[in-house]
Every structure is written in C-alpha cells, then in structure tokens.
Amino acid sequence: MTAVRAAPQAMQANKSEEIAGDVYVGFVRSLFNDPGILLIGAFCHGLIGLLVYFSSKEPIYLALSVIMLGAGLYRYYGIRKGQRASNFDDYDTAKKWERYYLIGGTIQAFFMGLFCFTSIYLKPDMFGESAAIAVIMGSTVTIVGRNYGSKAMVTVQAFTVVLPIAVGLMLKGDTNNFILGLYIVPFIFIITRMANHVRTVLFNAISQRKTAARLAERFNRALNTMSHGLVMLGPDGRVVVGNAEAAHLMSMRSPDALLGRSIHGLLMRGVAGGMLAPKDCRYIEAQLTRALREGRDRKVLVSLANGQHYEFSAREGSQELGVITFEDVTARVEAEEKIRFMARYDSLTGLPNRAYFHELVGESMASGDRDRLCALAVLDLDDFKSVNDTLGHPIGDGLIYAVAERLVAFAGQGINVSRFGGDEFMIFFDRIDDETHMARQLEDIFAGLQGDVDVAGHVLRIQASAGAVLSRVEGTDVDEMIVKADLALYKAKELGKNNWRLFEASMDAAFRNRQLMKADLRSAVESKGLRVVYQPIVAMNTMRIASCEALCRWDHPDLGPISPSIFIPLAEEMGIISEISTFVLQAACTECAKWPAQTSVSVNLSAKDFRNRDVIQKVREALASSGLAASRLEIEVTETALLDDKSLTRQYIEELKQLGVRIALDDFGTGYSSLSYLHKLPLDKIKIDRSFVMDVTQSPRSLDLLKGIVDLTRTLGLTVTIEGVETFEQLKILVHTVKPDLVQGFLFGAALSASGIETMSNVTWPFAAELRPVAKLAAT
C-alpha cells in the first residue's frame, strides 16, 4: 500500500472520531467505488418522476423528472472523474475530493427531497405519494451503504431526503398526518447512527488489520534479522516457520523453501553436501527430537567438515510448536580454544605452562604401574639475567625460545617438557630404569643444548644447570618432586653451574637449615640484633684514618658469627636488604657524629634501595636524627643498582647530592660499562675493586692498568680509593707508582667498633715513617 502522509490538520478535522489520516483517506476513496449504481438510480428517479407526471398531468413533475435524471448523471460522472484521478495519497487531497463528492450528493438529495415534498404537499397525488415513499425507501438504504465514508454526506442526505417527507405530512394539517410526520423525524437520526456504526465497525476492522499487519511485519523483521537460524515445527514435526538466517545456513534461496521439511530432511542436506557425517546427523536428530518430546532445553555443538561450528538448541514452544535455533559459533569456539590454549600453554614457547604441566604429570603418575620409577628435572639457564640486563628482554625471550626448540626435540612418549616461568624449564620422565638411565637421559639433553644460537644478530652460548630427582611413583607426588629437584638445582649452581645434580637427602637438610636461618635473620632484623663495625679507610698522605666503611655483622645465638657473604644474599632473597641498609645508615650516622670532625663514614646502599624514592627520605632522616653534617656522609652505589634503572638511579643520586652527601662508585672496574658512569653520573669518588690489586706486585701489566685507571679518574676530578690492600709490598707499590688518594684493606687491621674508630682516628700507622717521604711526594 502506498504510504500515507497524514497532515497535521487530520487530528483537528477528526477530533470526534480520532480517525488516522490513512484510514480517512481509505474512507474517502470508498465513496468513489462502483459508480454504476448511481447511473441506475438516476434513470430510476427520472422514470418515477415521469410516471407521476403522466398520472397527475402536473408539469412540475416533468421538470423534476428531468432534474433528478440530470443530478444523477452529474454525480455519476463526478465519481468517474474521481476514480480516474486516483491520487488520494494524502489527507489534503482526500479532503478536497470529499468536498467535491458532497456537492454532487447534496444536489441529488435536494431534488429527491423536493420531489417528495411536492408529491405530498405542494401538488398532492395519490400515486405520487406512493412513488415518493418508494424512492425514499430505496435511497435511505444507499445513504448508509454508500456514504458511510463521509459523515457529512450521510447527515446532509438524511436531512434533505427524509425531512421533506416529514414536513409535508405535518403541513397537511390533520392530526394523523402530523403524527406520522413526527414519527418520521427520528428516522433521520437512525440513519446517521447506522452510518456511524458501520463506519466504527469498519474503522475497528481496519485498525485491527493494521495492528495485525504491523505485528506481523515486526515479527517478520525480528525473525529475519536474528543472528540465529530459527525454525518452528508443527505437531507433525515439519517446518511451519523459518527465518532468512536459517535458509542461508541451509543453503536455501528463501525461508519459504524451508516450509514442510522435517528435521531429518534438513540435516540430510548437510550430509549430502559433505559437511556432516551420517553418524553426526543421527546423533543431532536424536538429541533435538528428544528435547522437543521431553519439553526440555537441549544444546548440541556440531563441528562441520569445513572447520565451522554450529550450536543447535531445541525447546518446546506453545500450542504444540517446537522451536529449533542454530547459529554459527565458530568465532566463539575458536576464542574458547584460544583461551584454553593460553590457560594451558606458555605464550612464548608454546610449551605446557606450570599448571598444565602439573596436571599432565599428575595424570601420568596416577596411571600405569605404581611401582615404577619416574624422574623430574628442573633446568635453569645460567646468568640469564645478564642477557636481559645487557641486551634487553626481547633478546632474552629469543634465547628462551631457542632453548625451548631444542628441548622439544626430547619430548615424546613418556617425556613432558614445560616452561615453568622465566628461564626455568621442567622435564618429567614417566618411566626410568635406574639412576644410570636417568643420568644418560640428562647427559643427552645437556649435549643437545650445547652450542651457540643467533638471536637477532647476537651470538649467544646456551649454558644451563639442572637438578633432578628420581622417585618411585607410589608414595610421592608432583609438588614433592619439584621441591627436591629445586634443591638439587641450587646445589648444581653452587658447584659452578653448567652441570646437573641428582637430589640427595643431605640437600634436604641443607635446605631446611637455610629456611631456619632465614627465619632467624628476619627476627634479628626486626629486633635490631645486628651490629655495625667500621673498616678504616686511610689517607695516603697522612697514613691516618680519613674515613671508614660501615659493615653489618650478625652474631647468631647458636651458630656464632655468620659471614656477610651468607646472610646478605639471604636478605636480598628475602627482600629485607633495605631494612638492613636503613639500620646500618642510622647507626653509622649516629656514631660518626661522635667522632672527630675530620673523620667521615661511608655506607653501602643496595640496588633495591635505589628502586624506591624512599631512599632520599631515609638519608635525610638519618642525618637529621644524628645531627651529622651531610658532607661527612658518603653513599656507596653499586653497579648493580645502576644497571636496574640508570635514569631513575641518576635522579636519586642527584637529589642526594643536593643534600650535601658525597657519592662513591663501589667495586669500579668489575662491571660491563663502568667507564661510562664516570662521565654520566655526579660522582665524588670511585673505589677500585680488590681484583686489580691482587697481583700488582707480580704483574707489570696489572700495575699499568691500575695506574691508568687512577690517572684517568683523577683527570675527571674524582677521589680514588683502592680496596683490598693486604700486604706492605702492595702498599709500597701503590705509594710509589699508582699514588691513589685513599687505601682500604686488611693491612690496616680488621673492622673496628665505633669506639675503636674514635680511638684510632688520630693514630698514625707504624709503617708511616718508612713511607712518609713517598707519601709526601704522592700528596704533591
């Protein structure tokens, strides 16, 4: 149907009826239907008028006969004109044609009423009265039947046709005719009410049809815009409704092609196209049929031969209608598989991750002979951190991937390989004959790992350490084997790396002792059970203590003194090294404030301290609480701290310098790029590592290297301290040839207490007299 443009005036013109514009246009269009009836009526009216003329011989009837015929013909041709126009597409046009229709209808009705009034009152005639009544009886039927579409037309015709009869009868003067005339008047309102009723009935029918059509259109649109395919089955199990997506998925031209087909017929199309196996067809049909029969929802996931996945859902609808929906869930299934893969496998290497490896090993151990031997090895790359630190994490990832590729070659029946995280891999052997068999397997793996690998242009050598445990399946579990293999790995690392060790019971005891020591160390830190000693740093020109390095000591209540080389790595591993640094810093500042003004103190802060801005506040608070002048405090920075985050460490060093604190670079010459720090960092001093002094008395080359470093550093305006001076011969060479500013080592005695430093601060070492001329020369 052509869209109807309802004008704003429509609601105003139809306030009493509340007829929508498109309905109004339809009513007006109905006025112009079947004009042939009007033509017949025109001739009938003309003929009746002529008969009355012959009966009464009154000329007025002849004139009325001609006029009624002419009015009927005029109305007929007017309606034909309206039919030819057929452009009742909007409210305004329909309104115009209704007015045109009113003109013809009013003219015809007026002359019909005049004919009746004449025959009853003006020129009474017995036959004329009967003829008039006959004309009106026929006309009143057409008033309702033809003109219901125009309320105005019904009203006009009812009054102009019926009212003249009533008036004529009442004007006759006698009582009977007067009463009869009054009786006819209500008939006018009956006609209008009947027309209104017909119009209301039709309007409701049209409205309901429009509502039904609108609902059907909405249903059709909703049905055919669904992303799911949908078919509805009748009681006989055949399709009664299908949507466009269902037709598309079934490779049919339109939804109508689905109608009348059974579930079996639809599924067999997939079998015929090679997309569905016959057994899958039977399974799907059975599941869907069962769901419809039992009235329960059921979903069936189907994988097609082309890699697509469809999910069929069946449920019982109302009125014995079954509903089956199906959709392409390929993207969802692939996403779920990807998520499942990501949850189980390492994203870099594609190897099973920790959780999935644990699951696989658990399943392997739960099956088979429970009395068999199995083995688990933990493999860790040696010095992998240095690769990440110097070449970057992408290169480190490339090395990890290369190692994984070589390990995968050993995976197979009974051997599972996993990346456990970082640079750590796990290998599980489901069946091992004996310890010799285990050793042979690991030797083969180590041999396969040997060699260089090219990662983005960097040639890297693969070197790894491993720990392994051999255990009987009965009486052990995965977690226990992992702990024991880790202990064996630690032992392999301690013994020089690039090797593997098999777990021994003594390792477990060592591990437990280590854990106990960790607990004791934590208690000592929390209770301030550590103490601080001070190693003298001697000025070359005076042979007196110019400064001292604060060192931490731990006296275990049961084990006695614990070497810093043991408990400091433990503290770093436990993450409490910063607490120890804070303790040493506060103690050193407090004690140094009591010493002579020419004596300063040096405190070594850890790499972890320089990862947090709190290091600035710690130093500020230590100086404030002790009252120590900032110039008497020296902070030693290790190269490890610089490697972690150079820009951040530089920022912190500059802020410390603003406090007035001096900065020294510790263990200079042992790192990767120490020389660059001399230029980039705001340093005051460097401390040359003891490794440069060890053979300085025997190796001229070592002496030249040491002298070159000192000369280079001094040209940059930095103070030089040489560590590790242990013999008088070393000191003499340093004084004669190298000429550093300060020296430090066991030649000047072991580390002293705070009171010892205070006592020795003004004491000159005994051998100073022998070196004094040279020392003075060094000072110049």
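Residues numbered from 1 in each chain as written. Predicted model: local features only at pLDDT ≥ 70, side-chain atom pairs only at ≥ 80, totals over all residues. Heavy atoms only, no water.

Each helix and strand counted, the protein chain has 29 helices and 21 strands in total. In terms of C-alpha radius of gyration, the protein chain reaches 55 Å, well past the compact-globule figure of 28 Å for 780 residues. Taken over the C-alpha atoms alone, the protein chain extends approximately 175 × 70 × 50 Å along its principal axes. The long-range share in the protein chain, meaning contacts at least 24 apart out of those at least 6 apart in sequence, stands at 63%. Here the protein chain displays about 39000 Å² of accessible surface, and carbon together with sulfur accounts for 56% of that area. Computed over 83 positive and 89 negative side-chain charges, the inter-centroid distance for the protein chain is 11 Å. (Helix = DSSP H or I, 4+ residues; strand = E, 2+ residues; numbered from the N terminus. Rg over C-alpha atoms; globule rule 2.2 N^0.38 Å. Contact = heavy atoms within 4.5 Å. Areas by Shrake-Rupley, 256 points an atom, 1.4 Å probe, with all protein chains shown as cover. Lys, Arg positive; Asp, Glu negative; His and termini not counted. Charge placed at Lys NZ, Arg CZ, Asp CG, Glu CD.)

Further remarks concern the pairing of strand β9 (residues 452-455). Residues V453 and V455 of β9 are buried on one face, while the alternating residues D452 and D454, pointing to the opposite face, are not. Pairing of β9 with strand β10 (residues 458-461), which is carried by four bridges, proceeds in the antiparallel orientation. Of the residues in β10, the one forming a bridge with V453 is L460. Hairpin geometry of β9 and β10 is characterised by an intervening segment of two residues between the two adjacent antiparallel strands and by a positive phi of about 55° at A456. (Buried < 20%, exposed > 50% of the residue type's maximum accessible area, 1.4 Å probe, protein only. Pairing = 2+ DSSP bridges.)

Applying the stated criterion across every chain, the model contains 30 salt bridges. For the salt bridge of R514 with E573, the shortest nitrogen-to-oxygen distance reads 2.5 Å. A residue pair is termed long-range when its members are at least 10 positions apart, and R514 in helix α19 (residues 505-526) and E573 in helix α20 (residues 564-574) qualify at 59 residues. You can call R514 partly exposed: its relative accessible area is 34%. Under the relative-accessibility criterion, E573 is labelled partly exposed at 46%. Its salt-bridge partner being R714, residue D741 comes within 3.7 Å of it at the nearest N-O pair. On the criterion of sequence distance, the pair formed by D741 in the loop between α27 (728-738) and β21 (742-743) and R714 in helix α26 (residues 700-715) is long-range, its members being 27 residues apart. Linked by salt bridges that have partners in common, E549, E636, K687 and E723 make up one network. (Salt bridge = Lys/Arg side-chain N within 4 Å of Asp/Glu carboxyl O.)

This brings us to the nonpolar core. Core analysis: the biggest nonpolar cluster contains 80 residues, and L521, Y534, V601, L633, I688, I722 and L731 have the highest contact counts within it. Core analysis: the second largest hydrophobic core is formed by 34 residues, A402, L407, V453 and L460 among them. (Core = buried A, V, L, I, M, F, W, Y, C linked by side-chain atoms within 4.5 Å.)

The subject of this paragraph is the side chain of K687. Mapped onto the secondary structure, K687 falls in strand β19 (residues 685-688). Given the relative accessible area of 0%, K687 is considered buried. Among the polar contacts made by the side chain of K687, one reaches the side chain of Q744 at a distance of 3.0 Å. Every residue in contact with K687, bar those within four places of it in the chain, is listed here: I537, E549, E636, L665, D666, D667, F668, T721, E723 and Q744. (Polar contact = N/O pair within 3.5 Å; in protein donor to acceptor, adjacent residues only side chain to side chain.)

Let's shift gears to the packing of helix α3 (residues 36-56) against helix α4 (residues 59-85). What describes two packed helices is the angle between their axes and the distance between those same axes. At their nearest, the axes of α3 and α4 sit 7 Å apart, and the two run at 175° to each other. By the angle between their axes, α3 is roughly antiparallel relative to α4. Here G36, L38, L39, A42, F43, H45, G46, G49, L50, V52, Y53 and S56 of α3 lie close against α4, whose contacting residues are P59, Y61, L62, S65, M68, L69, G72, L73, R75, Y76 and I79. (Axes fitted to C-alpha atoms, helices over the stretch in contact; angles between N-to-C directions. Parallel < 35°, antiparallel > 145°, perpendicular 65-115°, else oblique.)

Before going further, it helps to spend a moment on a positive patch on the surface. Where like charges cluster on the molecular surface, the positive patch consists of R80, K81, R84, K96 and R99. Of all the secondary-structure elements, those providing two or more residues to the positive patch are α4 and α5 (91-122). Element by element, the count of residues in the positive patch is highest for α4, at three residues. In this structure, K81 sits in helix α4. In this structure K81 comes out as partly exposed when scored by relative accessible area, which is 42%. (Patch = residues over 30% accessible without salt bridge, like charges linked within 9 Å, V, L, I, M, F, W, Y side chains within 5 Å.)

This part covers helix α7 (residues 151-171). With 21 residues, α7 extends 29 Å between its outermost C-alpha atoms, agreeing within 8% with the 30 Å of an ideal straight helix rising 1.5 Å per residue. All of the buried residues along α7 are M153, V154, Q157, A158, V161, V162, P164, I165, A166, G168 and L169. Just downstream of α7, G173 is the residue with a positive phi angle, here 100°. (Expected span 1.5 Å × (residues − 1).)

Across all of its chains, the model carries 12 aromatic pairs by this definition. Judged by centre distance (6.0 Å) and plane angle (80°), the ring pair of Y61 and F115 falls under edge-to-face. Here Y61 is found in helix α4, whereas its partner F115 is found in helix α5, with 54 residues between them in sequence. By the burial criterion, Y61 is buried, and F115 matches it. An angle of 80° between the planes, with centres 6.0 Å apart, marks the rings of W554 and F567 as edge-to-face. (Phe/Tyr/Trp six-rings, centres within 6.5 Å; stacked < 30°, edge-to-face > 60°.)

Summary statistics for the protein chain give a mean pLDDT of 82 and a share of 91% for residues scoring 70 or more. Note on residues 1-17: pLDDT under 50 across the span, and 23 contacts to partners over four residues away in sequence or across chains. Contacts of residues 774-780 to residues separated by more than four positions or lying in other chains number eight contacts, the stretch itself having pLDDT below 50. (pLDDT = per-residue confidence, 0-100.)

What follows deals with unusual backbone geometry. Positive phi, close to 55°, is recorded for D383, a residue that is not glycine. On the basis of relative accessibility, which here comes to 45%, the residue D383 falls in the partly exposed class.

Before going further, it helps to examine the sheet that holds strand β7 (residues 415-421). The mixed open sheet is built from five strands, whose spatial order is β7-β8-β6-β11-β12. If you trace the sheet from one side to the other, it starts and ends with β7 and β12 (500-502), each paired once. Strand-to-strand twist in this sheet, taken as the mean axis angle between neighbours without regard to direction, amounts to 20°. Pairing analysis gives nine bridges linking strand β6 (residues 373-381) to strand β11 (residues 464-472), with the strands arranged antiparallel. When the bridges of β11 are listed, L376 appears paired with V469.

For T118, the position within the fold is in helix α5. Excluding anything up to four places from it in sequence, T118 contacts I60, Y61, L64, K123 and P124.

This part is about helix α11 (residues 263-272). A turn of α-helix holds 3.6 residues, and therefore any two residues three or four places apart point the same way. Within α11, burial applies to I263, L266, L267, G270 and V271. Seen end-on, α11 carries its buried residues on one side only, within an arc spanning 155°. (Arc of directions from axis to C-beta.)

Turning next to the environment of H358. Considering the arrangement of structural elements, one finds H358 in helix α14 (residues 354-366). You can call H358 partly exposed: its relative accessible area is 31%. Between the C-alpha atom of H358 and that of A305, which follows or precedes it by 53 residues, the distance is 34 Å. Apart from residues no more than four positions distant in its own chain, H358 is found in contact with V478 and D479.

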